[in-house]
Amino acid sequence: MNFKITVTGTETTGVSANSGFISLTVLPSAGPGPLMITTSSLANGIVGMVYSETLQASEGTSPYTWLLFSDSLPAGLTLSSGGTISGTPTTAEFASFTVQVTDAAPNSLTKVLDITINNPAPTGNPAPTISSLSPSSAPEGEAGFTLTVTGTGFVAGSVVRWNSTDRSTAFVSSGELQATIPASDIATAGTANVTVFTPSPGGGTSGTLTFTVSACTFAISPSRQLFTSAGGSGTVEVTTQSGCFWTAASNASFITFSSSASGTGSGAVSYDVAENTAAAAREGTLTIGGQTFTVEQAGTAPLFLLRPAGLTFGALEGTVQLQRQDVSIFSNIDGLAFTTAATTTSGGNWLSVNPASGTAPSSLVVSVDPSGLLAGSYQGAVTVTAPSADPRTQT
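Residues numbered from 1 in each chain as written. Predicted model: local features only at pLDDT ≥ 70, side-chain atom pairs only at ≥ 80, totals over all residues. Heavy atoms only, no water.

## Quick word on the pairing of strand β29 (residues 282–288)
Moving on, step 1. Summarising the sheet, strand β25 (residues 245–250) and β29 pair through three bridges and their orientation is antiparallel. Residue pairing for β29: A248 is matched across the bridge by I288.
Moving on, step 2. Where β29 and strand β30 (residues 291–297) come together, seven bridges link them in antiparallel fashion. Looking at β30, one finds that T285 is bridged to T294.
Moving on, step 3. Connecting the antiparallel pair β29 and β30 is a turn made up of two residues, with G289 showing a positive phi of about 55°. (Pairing = 2+ DSSP bridges. Helix = DSSP H or I, 4+ residues; strand = E, 2+ residues; numbered from the N terminus.)

## Section: the sheet that holds strand β17 (residues 169–173)
Moving on, step 1. Spatially, the four strands line up as an open sheet ordered β12-β14-β18-β17, and their pairing is antiparallel. The open sheet is flanked by β12 (129–134) and β17, the only strands paired with a single partner. The average angle at which neighbouring strand axes cross in this sheet is 25°, direction not considered.
Moving on, step 2. For β17 and strand β18 (residues 176–181), the ladder comprises four bridges, and the chain directions are antiparallel. When the sheet's bridge partners are listed, F171 is paired in β18 with L177. (Axes fitted to C-alpha atoms, helices over the stretch in contact; angles between N-to-C directions.)

## Re the state of the cysteines
Working definition: the covalent bond between the sulfur atoms of two cysteines is a disulfide.
Moving on, step 1. Within this structure, the stated rule accounts for one disulfide.
Moving on, step 2. Between the sulfur of C216 and that of C244 lies a disulfide, 2.0 Å long from S to S. On the S-S bond that ties C216 to C244, the torsion sits near -90°, and the link is left-handed. Note that C216 is positioned in the loop between β21 (209–214) and β22 (219–221) and C244 in the loop between β24 (232–239) and β25, a separation of 28 residues in sequence. (Disulfide = S-S within 2.5 Å.)

## Observations regarding the sheet that holds strand β36 (residues 362–368)
Moving on, step 1. Pairing in this open sheet of four strands is antiparallel, and the strands run β31-β32-β36-β34 from one edge to the other. The open sheet has two edge strands, β31 (304–307) and β34 (351–354), and neither has a second partner. Neighbour-to-neighbour, the strand axes of the sheet open up by a mean angle of 25°, direction not taken into account.

## Section: the pattern of salt bridges
Moving on, step 1. In this structure the tally under the stated criterion is three salt bridges.
Moving on, step 2. Notably, a salt bridge pairs D166 with R161, separated by 2.7 Å at the nearest N-O pair.
Moving on, step 3. Assessed through its relative accessible area of 42%, D166 is described here as partly exposed.
Moving on, step 4. Across the pair R224 and E296 runs a salt bridge whose closest N-O atoms are separated by 3.0 Å. Here the residue R224 occupies a position in strand β23 (residues 224–227), and E296 occupies one in strand β30, the gap between them amounting to 72 residues. (Salt bridge = Lys/Arg side-chain N within 4 Å of Asp/Glu carboxyl O. Buried < 20%, exposed > 50% of the residue type's maximum accessible area, 1.4 Å probe, protein only.)

## A word on the packing of aromatic side chains
Moving on, step 1. Applying the stated rule across the entire model yields five aromatic pairs.
Moving on, step 2. Between the aromatic rings of F227 and Y271, the centroid separation amounts to 6.1 Å while the plane-to-plane angle is 80°, which identifies the pairing as edge-to-face. Of this pair, F227 sits in strand β23 while Y271 sits in strand β28 (residues 267–273), and the two are 44 residues apart along the sequence.
Moving on, step 3. Classification of Y271 by relative accessible area gives buried; the value is 1%.
Moving on, step 4. Taken together, the ring pairs in this structure connect F145, W162 and F211 into an aromatic cluster.
Moving on, step 5. The ring centre of F197 lies 4.2 Å from the NZ or CZ of R161, which sits over that ring.
Moving on, step 6. Sitting above the plane of the F254 ring, R282 keeps its charged end 3.9 Å from the centroid. (Phe/Tyr/Trp six-rings, centres within 6.5 Å; stacked < 30°, edge-to-face > 60°. Lys NZ or Arg CZ within 6 Å of the ring centre and 35° of its normal.)

## What about the layout of surface pockets?
Take a probe with the size of a water molecule and roll it over the atoms, and the empty space left behind shows itself.
Moving on, step 1. Estimated volume of the largest pocket: approximately 650 Å³.
Moving on, step 2. Considering the residues around the largest pocket, the lining is formed by 31 residues, among which L311, F313, W350, V368 and Y378 are closest to the centre.
Moving on, step 3. Put simply, the parts of the chain that give the lining of the largest pocket at least two residues each are β32 (323–331), β36 and β37 (380–385).
Moving on, step 4. The greatest single-element share of the lining of the largest pocket, amounting to four residues, is contributed by β37.
Moving on, step 5. Its residues assigned to classes, the lining of the largest pocket comprises 21 nonpolar, nine polar and one charged.
Moving on, step 6. The volume enclosed by the second largest pocket comes to roughly 470 Å³.
Moving on, step 7. Together, 19 residues line the second largest pocket, and L226, A298, L303, F304 and P391 are the ones closest to its centre. (1 Å grid on protein atoms, 1.4 Å probe; cavity = no way out; pocket = protein on both sides within 12 Å on 5 of 7 lines; lining within 4 Å. Points joined across faces, edges and corners; volume = space filled by probe spheres on them. Nonpolar A, V, L, I, M, F, W, Y, C, P; charged D, E, K, R; others polar.)

## So, unusual backbone geometry
Moving on, step 1. A cis amide bond, omega 5°, links S62 with the succeeding residue P63.
Moving on, step 2. For P63, the position within the fold is in the loop between β6 (57–58) and β7 (65–70).
Moving on, step 3. The omega torsion across D390 and P391 is 5°, close enough to zero to call that bond cis.
Moving on, step 4. By the secondary structure assignment, P391 is in the loop between β37 and β38 (393–394).
Moving on, step 5. Even without being a glycine, D71 presents a positive backbone phi close to 65°.
Moving on, step 6. Although it is not a glycine, N163 sits at a positive phi angle of roughly 50°.
Moving on, step 7. Tracing the backbone shows N163 in the loop between β15 (159–162) and β16 (165–167).

Next comes the structure, spelled out in structure tokens:
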């Protein structure tokens, strides 16, 4: 393309100069350069943090359109047609991939790029604090249980300590842990210091809360039971505090349990007594919550019983009048033969009993003669003997 340009000028002397023309040639444009991807590298990302990088291209004919040509972006990221890689990475990884850009011509070009996604830099664990225990107490001897610890700053690695010893711990949340407490930790009354330890970085040991192991006391009723040779059954009532664990054990083969031999809190134990086919009586015990229950069982030999079991007399010094009281003899068979005898430990023969022999059931007359006694206390005994009975004598 040619242009004609006329130039007119004037000399400084005031004389007009000749005019002429200059020729200007404008050449056509050379056009756009070849399409290029100018992005050479991409920034690293961090798991859980928003990521955004825009790819750059030059030359060619805009606009540019981008796509993922091969392989994959890091998990959580996408590539828009405008060339922006964005999203929130979910996994720490290294990803190599190929992108393609296409201009309006259309011309296309590919390039291999990569992104490294890192885990967040570690931060220090919070210091744990504890505010409550549930339960906060238990009776001694109870079975193992789960202790719930409430507080703040707990992490998955936090552990409950019982008297400075780690206990198996389950992480529930940043405000709750659950620890398994074995029965051996509460076997005896006392207190235990409970803390929470969180490992480094950061972390540390919490303050202390006290867990109380209370003492248990047990009482049984009745404490003794009599049975005939035929045997039978019975029940012993157990009284204790709520939550106190107890067991029962038989110390004699002829006494067996007909109910559970353990319990928590107040309860009862039922038992059976087997028949006694021997002539002699026998005795056995149960141990219930550390208390002893006694079973007395007659044999096949006759039994007899004296009631009352003891007598008391009183008199003024110089009194000559006899004093008398009755004693009854009972037996589980009629006609049980017996003999009697009276003895004293001091003061002579001031004690007597009548009759000297007889058969049960019967009544004895026990007499005291104070006439020869000085002021003081005296003791004596009346012994009844039944040769065919078991036991043979009672006093």
